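# Residue-level structure breakdown
Below are the chains, spelled out letter by letter.
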Amino acid sequence: MSQAIFGERVQRKEDVRLVRGRGQYTDDIQLPGMLYAGILRSPHAHARIKRIDTSAAEQMDGVVKVYTGRDLKGRIGSIPTAWIPPDSDLKAVEHPALAYDTVRYVGDGVALVIVTERALVEDALEAIRVEYEPLPSVTDQMAAIQAGAPLLHEGAPSNIALHWKVGTDTEAAFQGAPVVVRQTFRQQRLIPNPMEPRATVAQYDTVTGELTVWATTQNPHIHRFLMANILGIPEHKLRVVAQDVGGGFGSKIACYPDEVLVSYAARDLGRPVKWTESRSEHFLVTTHGRDHVDEVELAGTQDGRILAIRVRAYANLGAYLSTAGPGVPTILFGLIVNGAYDIPQASSEVYGIFTNTTPVDAYRGAGRPEATYLIERIVDRYAQEIGMDPVEVRRRNLVKKEQFPFTNPFGLTYDSGNYHQALDLALKTVDYEALRREQEALRQQGKYIGIGLSTYVEMCGLGPSQVAGAVGFQGGLWESALVRIHPTGKVTVFTGASPHGQGEETTFAQIVAERLGVSVEDIDVVHGDTDRISMGWGTYGSRTTAVGGGALALAVDRVVAKAKRIAAHMLEVPEEAVEFQSGRFYPEGNRDRSVSLQEVTLQAYLAWNLPAGVEPGLEASAFYDPTNFTYPFGTHVAVVSVDADTGEVRLLRYVAVDDCGPVINPMIVEGQVHGGIAQGVGQALYEGARYDDDGQLVTGSFLDYAMPRARFLPRLETLNTVTPSPHNPLGVKGVGETGTIASTPAVVNAVIDALTPFGITDLPMPLTPPTVWSAIHAARQTGGAS
Amino acid sequence: MAEERVAIQLIVNGRAVRGQVEPRMLLAYYLRDELGLTGTHVGCDTSQCGACTVLLDGLAVKSCTVLAVQADGCHVTTVEGLAEDGQPHPVQQAFQEEHGLQCGFCTPGALMLSAWLVDHHPQADEAAIREALDGLICRCTGYENIVRAIQRAQALRQETAEPLAGRAQGGVSR
Ligand code: FES
Ligand code: FES
């Protein structure tokens, strides 16, 4: 394969339409006779619905229909979760699409209006009168499990949705340990906020009985699968389409009540219906992320050897179980709390807890940022405790190159790695020694900079289907690809993954171009349509390239194998004696004669003279099931300054060394890392969802919820090391989440490092000026650095 | 309640358009729903995200903060009208070259803001660019490549001719 396309900074094919404003996002769809939907949402965190009066709304001009929860009870099934962790005693409580009896969080849907114009939605919603009987509510997971706390669901005593334990026996290690460090970390609730709000357009064909649903989803086939059951529509009569999707970050995985309701109404009324959430609505009802309280204990020796880690996590799951909600704080978190370190004993215990809050599900990284945060933070605490440089502690405990494949205490097999190499490259890039000297010199002047590290590993590229089954995910996690070479030699690729910003229309074309010797322009990648792609599992968990790309590579190989048989026939040589290079077939060792792939393709379709037993046409599909996850890793270093008088943290420098195996398109990989870092920095310094005592979300807009802006960030420096994964045909590892996973602890470690002279060892995120200032102020009162 | 409609006329991407709109209709929705110019996106309801940014008489404004009736008699340029004679505007080219977009949702607004910046502040340094981007929220890129794209567009602009904002002036008077 000589063409240097794999590894090139090929400009994105999708950008051609996107920079011209010609993307097709769900809300862009206009259909003749289309109606608009709006959902009335509970203003109470917990209440009984006593009465709903829809009569005024129903009499308004332009109001076509109003549905309440009682109207729909029995017609629309409960919104299910799709992840049931084994041995977790999961309480799969009912989640009605519209509440008919009790509302359980601010935003819970109580009525659906269908109107003729977008502007009428608000008018109609305002005209509905609901009488509530407010009930006591609880939003904090630690409060929710106390005796006497308000109960959300009858079937879940003490509001405990799940209780799950895994790992080895750590007791002996802690008993005899010379050093034990304990810390409770609060990993605050975040709001994913992709810039495109969620939307759904549904159209029912009254003749064929087919329902088409355009939706902002990361996984249209999972949506079809779930919605077919919820709505009782035969799966072959349901088409789910995700055209351009404006980011997801996990929040567009879940099957929500909203898209189910809109689909129901479209079928019921026989007219197309559009629903688009407002940003305010997004804050309230689109799934949130994180929200953990983690009690962490680390046992170690005086000379920096970690002996054991023990974690007890309290994960807030919100009012109902979201599609992947139960899997995030268990499987995606608990199995990797030892991080990139060779720790002999480790255990995780997780409580998933119902509260009167928005359901919590995956948010970029999903479980792995939480695990990485606590291990990277506790390792720094340990280093401080034994008076060792955090770099040195890491060096002593990181899994060594020769230990791969490495089995962690939870039974995960880390595929490949060279963690020390990434660490060394990062340290060299920032000039760690010089930074430490500078830090010391500045401290003499009363100025505080901090250096923070995160030497992370991530499990991603979800994943082997057998493992999916073993961990209770109600689906397979293989991926499909179909490669079709058209008679003229142009190529269409169909993938079951569903990229929404990650650029696979380009990287997948690169994979095919490299293998077929066809130019990238002549290859189109089709995704996100259940009618065009038979089956697939979508885009999340950094799986698209590792798993979807794997399927694609296999499919291309099958196409080439068939083309080779035809080429051999055309060249009149045995098949084994045909070589394929840069789009041409040659007799072995003879470059004088050849036929092009294009000529072979034409013959495949003309079929005038095919070898015996070869069918006409030239396409192949593959269903690729990986044998393991992939484990990207790296070292991120953050350098911050802290203004001791104002508490303001400035990010001065950020260096990321990531290893995701061979890089198909460096430009796209860098972009993924940049965006991930910004989100992780957001958690460390700016973002945090808050509820007040009545369960009102007080951070319900971009005015109250601080999203990272350009001026908050420095230049982001990205570097790579390359350690291929042995587990997929391309050797690639996922890179969509590494930035988010690595950056939060790197930044917090840097801030705490800066605050060492004040004796501050931990602070709750986000590290806003008031938080930092208060801690400094308190330290000064008691005689810390002056 | 539905309100009485008001007649407006404006020039959108160089083309005269007339319409009847409710006084409460926002320019963003007028462009999207009435004119089918769906390149202009709506990402929030508090005028924070900038996805809806267009040029109104040459100035970058958030079209969700402008009523359609306020645009009566104005020149509006949306992302669909950003290319000059079929040639991409330097910011469009630069965003492609520098990977200044991922999901593309903030991109129309990012492009319009950048076009204004590049045309009016061709010398803006990195700090000034980051400051100017304060009206834009991009969740995908970490802004790194948006900043690089703007710098690249500044360079491209120097090599080429007339700024876009110049073109948008004149025509219908207010
Ligand atoms: S939609 Fe106009 S600023 Fe967000
Ligand atoms: S590219 Fe997705 S929000 Fe900016």
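Residues numbered from 1 in each chain as written. Chains lettered and ligands numbered in written order. Predicted model: local features only at pLDDT ≥ 70, side-chain atom pairs only at ≥ 80, totals over all residues. Heavy atoms only, no water.

When helices and strands are counted, chain B shows six helices and five strands. Written out in order from the N terminus, the α and β elements of chain B read β-β-α-β-β-β-α-α-α-α-α. Taken against the 2.2 N^0.38 rule, which gives 16 Å for 174 residues, the C-alpha radius of gyration of chain B at 16 Å falls within 12% of a compact globule. Seen along its three principal axes, the alpha-carbon backbone of chain B occupies a region of about 45 × 30 × 25 Å. Evaluated residue by residue, chain B yields a buried proportion of 59% over its 174 residues. (Helix = DSSP H or I, 4+ residues; strand = E, 2+ residues; numbered from the N terminus. Rg over C-alpha atoms; globule rule 2.2 N^0.38 Å. Buried < 20%, exposed > 50% of the residue type's maximum accessible area, 1.4 Å probe, protein only.)

The next point concerns the interface of chain A and chain B. The accessible area lost on association of the parts is a frequent measure of interface size. On the chain B side, the residues contacting the 60 residues of chain A number 52 residues. Buried surface at the junction of chain A and chain B, summed over both partners, amounts to about 4,600 Å²; 50% is from carbon and sulfur atoms. It is Val19(A), Met195(A) and Arg715(A) in chain A that bury the most area against chain B; as a group they hold 15% of the surface buried on that side. Our enumeration of links across chain A and chain B arrives at nine salt bridges. (Contact = heavy atoms within 4.5 Å. Buried area = accessible area lost by both parts, 1.4 Å probe. Salt bridge = Lys/Arg side-chain N within 4 Å of Asp/Glu carboxyl O.)

The next point concerns unusual backbone geometry. Residue and element names in this part refer to chain A. Look at the link from Phe 404 to Pro 405: it is a cis peptide, with omega at -5 degrees. With respect to the secondary-structure elements, Pro 405 resides in the loop between helix H12 (390–397) and strand E16 (406–407). The peptide bond linking Leu 462 to Gly 463 adopts the cis configuration, its omega dihedral lying at -25 degrees. Even without a glycine there, the phi angle at Asp 89 is positive, about 55 degrees. Its location among the elements puts Asp 89 in the loop between helix H3 (69–72) and strand E4 (102–103). A relative accessible area of 56% places Asp 89 in the exposed class. Even without a glycine there, the phi angle at Arg 290 is positive, about 65 degrees. Of note, Arg 290 is situated in strand E13 (residues 289–300).

Here we take up the sheet that holds strand E8 (residues 179–190) of chain A. Residues and elements named next belong to chain A. If you trace the five strands from one edge of the open sheet to the other, you get E7-E15-E14-E13-E8, paired in mixed fashion. Since the sheet does not close on itself, it has two edges, and those belong to strand E7 (160–167) and E8, each with one partner. Between one strand and the next, the sheet's axes are offset by a mean angle of 10 degrees, whatever the strand orientation. With ten bridges connecting them, strand E14 (residues 306–318) and strand E15 (residues 345–354) associate as parallel partners. Considered in E15, the bridge of Tyr 314 is made with Tyr 351. (Pairing = 2+ DSSP bridges. Axes fitted to C-alpha atoms, helices over the stretch in contact; angles between N-to-C directions.)

Turning our eyes to something else, we now look at the pattern of salt bridges. For the structure shown, the criterion picks out 63 salt bridges over all chains. Across the salt bridge formed by Asp123(A) and Arg24(B), the nearest N and O atoms sit 2.9 Å from each other. Residue Asp123(A) is found in helix H4 (residues 120–126), and its partner Arg24(B) is found in the loop between strand E2 (15–21) and helix H1 (27–34); the two belong to separate chains. Look at Asp123(A) and you get buried, because its relative accessible area is 10%. Relative accessible area serves as the criterion here: at 28%, Arg24(B) is assigned to the partly exposed category. A cluster of three or more residues bridged by salt bridges with shared partners is formed by Asp27(A), Asp28(A), Arg118(A), Lys274(A), Arg32(B) and Asp33(B).

Once that is clear, we can look at the domain arrangement of chain B. All names here are of chain B. What the domain assignment reports for chain B is domain 1 (6–80) and domain 2 (90–160). Here the C-alpha centroids of domain 1 and domain 2 sit 21 Å apart. Listed per partner, the contact involves 18 residues of domain 1 and 14 residues of domain 2. Contact between domain 1 and domain 2 buries roughly 1,200 Å² in total, counting both sides, with carbon and sulfur atoms accounting for 68%. (Domains from an automatic or database assignment.)

What follows deals with the sheet that holds strand E24 (residues 595–596) of chain A. Residue and element names in this part refer to chain A. In space, the three strands of this open sheet follow the order E22-E23-E24, with antiparallel pairing throughout. Unpaired on one side and paired on the other, strand E22 (578–581) and E24 mark the two borders of the sheet. The pairing of E22 with strand E23 (residues 584–587) spans four bridges and is antiparallel. Bridge assignment links Val 578 to a residue of E23, and that residue is Pro 587. With respect to the sheet, helix H17 (residues 544–571) is in contact with E22, E23 and E24, its orientation differing from that of E23 by roughly 50 degrees.

What follows deals with the environment of Pro272(A). All names here are of chain A. Here Pro 272 lies in the loop between helix H8 (257–269) and strand E12 (273–276). Here the alpha-carbon distance between Pro 272 and Thr 212, two residues 60 residues apart in the chain, equals 9.3 Å. Beyond its immediate stretch of four places on either side in the chain, Pro 272 contacts Leu 31, Pro 32, Gly 33, Met 34, Leu 35, Ala 202 and Gln 203.

What follows is about the side chain of Thr358(A). Residue and element names in this part refer to chain A. The topology assignment puts Thr 358 in the loop between E15 and helix H11 (368–386). Separated by 2.5 Å, the side chain of Thr 358 and the backbone oxygen of Leu 284 make a polar contact. In this structure, Thr 358 is in contact with Tyr 105, Arg 189, Phe 283, Leu 284, Val 285, Thr 286, Thr 287, His 288, Gly 318, Ala 319 and Tyr 691, ignoring residues within four places of it in sequence. (Polar contact = N/O pair within 3.5 Å; in protein donor to acceptor, adjacent residues only side chain to side chain.)

Regions with low pLDDT carry predicted coordinates that are not meant to be interpreted in detail. All names here are of chain B. Summary statistics for chain B give a mean pLDDT of 92 and a share of 90% for residues scoring 70 or more. Contacts for the low-pLDDT stretch residues 164–174, under 50 throughout, to residues beyond four places or in other chains number 31 contacts. What the predictor reports for the complex is a pTM of 0.96 with an ipTM of 0.96. (pLDDT = per-residue confidence, 0-100.)

All names here are of chain A. On the surface, Leu 602, Leu 606 and Trp 608 cluster together into a nonpolar patch covering about 340 Å² of accessible area. Along the chain, Trp 608 turns up in the loop between helix H18 (597–606) and strand E25 (619–624). Accessibility expressed as a relative area gives 70% for Trp 608, which makes it exposed. (Patch = residues over 30% accessible without salt bridge, like charges linked within 9 Å, V, L, I, M, F, W, Y side chains within 5 Å. Areas by Shrake-Rupley, 256 points an atom, 1.4 Å probe, with all protein chains shown as cover.)

With that settled, the discussion passes to the domain arrangement of chain A. All names here are of chain A. By domain assignment, chain A separates into domain 1 (415–457 + 629–786) and domain 2 (478–624). Taking only C-alpha atoms, the centre of domain 1 and the centre of domain 2 are 42 Å apart. Listed by partner, the interface residues are 14 residues for domain 1 and 17 residues for domain 2. Around 1,100 Å² of area is buried between domain 1 and domain 2 when both sides are counted, 63% of it from carbon and sulfur atoms. The three residues of domain 1 that bury the most area against domain 2 are Ile 664, Pro 729 and Leu 730, which together make up 44% of that side's buried surface. Scanning the region where domain 1 abuts domain 2 turns up zero salt bridges.

Moving on, we get to the packing of aromatic side chains. Two measures describe an aromatic ring pair: the distance that separates the ring centres and the angle between the ring planes. All names here are of chain A. Counted according to the given criterion, the structure contains 17 aromatic pairs over all chains. Taking the centre distance of 5.2 Å and the plane angle of 70 degrees together, the rings of Trp 83 and Phe 473 count as edge-to-face. Of this pair, Trp 83 sits in the loop between H3 and E4 while Phe 473 is found in the loop between helix H15 (465–470) and strand E19 (479–485), placing the two residues 390 residues apart along the sequence. What makes Phe 473 buried here is its relative accessible area of 11%. Ring pairing ties together the aromatic residues Phe 283, Phe 702 and Tyr 705, which thus form one cluster. Over the face of the ring belonging to Tyr 586 we find Arg 591, whose NZ or CZ atom lies 4.0 Å from the ring centre. (Phe/Tyr/Trp six-rings, centres within 6.5 Å; stacked < 30°, edge-to-face > 60°. Lys NZ or Arg CZ within 6 Å of the ring centre and 35° of its normal.)

This paragraph deals with the pairing of strand E21 (residues 523–526) of chain A. All names here are of chain A. Bridge analysis of strand E20 (residues 491–495) against E21 gives four bridges, and the strand direction is parallel. If you follow Val 493 over to E21, its bridge partner there is Val 525. Once you follow E20 into helix H16 (residues 504–516) and on to E21, the crossover reads as right-handed. (Right-handed = clockwise from strand over helix to strand, strands pointing away.)

All names here are of chain A. Packing of H16 against H17 leaves a shortest axis separation of 10 Å and a crossing angle of 30 degrees. Classed by the angle they form, the pair H16 and H17 counts as roughly parallel. The crossing of H16 and H17 is right-handed. Touching Glu 504, Phe 508, Ile 511, Val 512, Arg 515 and Leu 516 of H16 are Thr 544, Thr 545, Gly 548, Gly 549, Leu 552, Ala 553, Val 556, Asp 557 and Val 560, all from H17. Grouping the constituent residues of the contact of H16 with H17 by class yields eight nonpolar, four polar and three charged. (Parallel < 35°, antiparallel > 145°, perpendicular 65-115°, else oblique. Left-handed = near helix turned anticlockwise from the far one by under 90°. Nonpolar A, V, L, I, M, F, W, Y, C, P; charged D, E, K, R; others polar.)

Okay, the pairing of strand E18 (residues 448–457) of chain A next. All names here are of chain A. Within E18, ten of the ten residues are buried, which leaves it mostly tucked inside the rest of the structure. With burial as the criterion, each face of E18 is covered, one bearing Tyr 448, Gly 450, Gly 452, Ser 454 and Tyr 456 and the other bearing Ile 449, Ile 451, Leu 453, Thr 455 and Val 457. Note: E18 against strand E26 (residues 633–642), ten bridges, orientation antiparallel. Looking at the pairing, Val 457 lines up with Phe 633 of E26.

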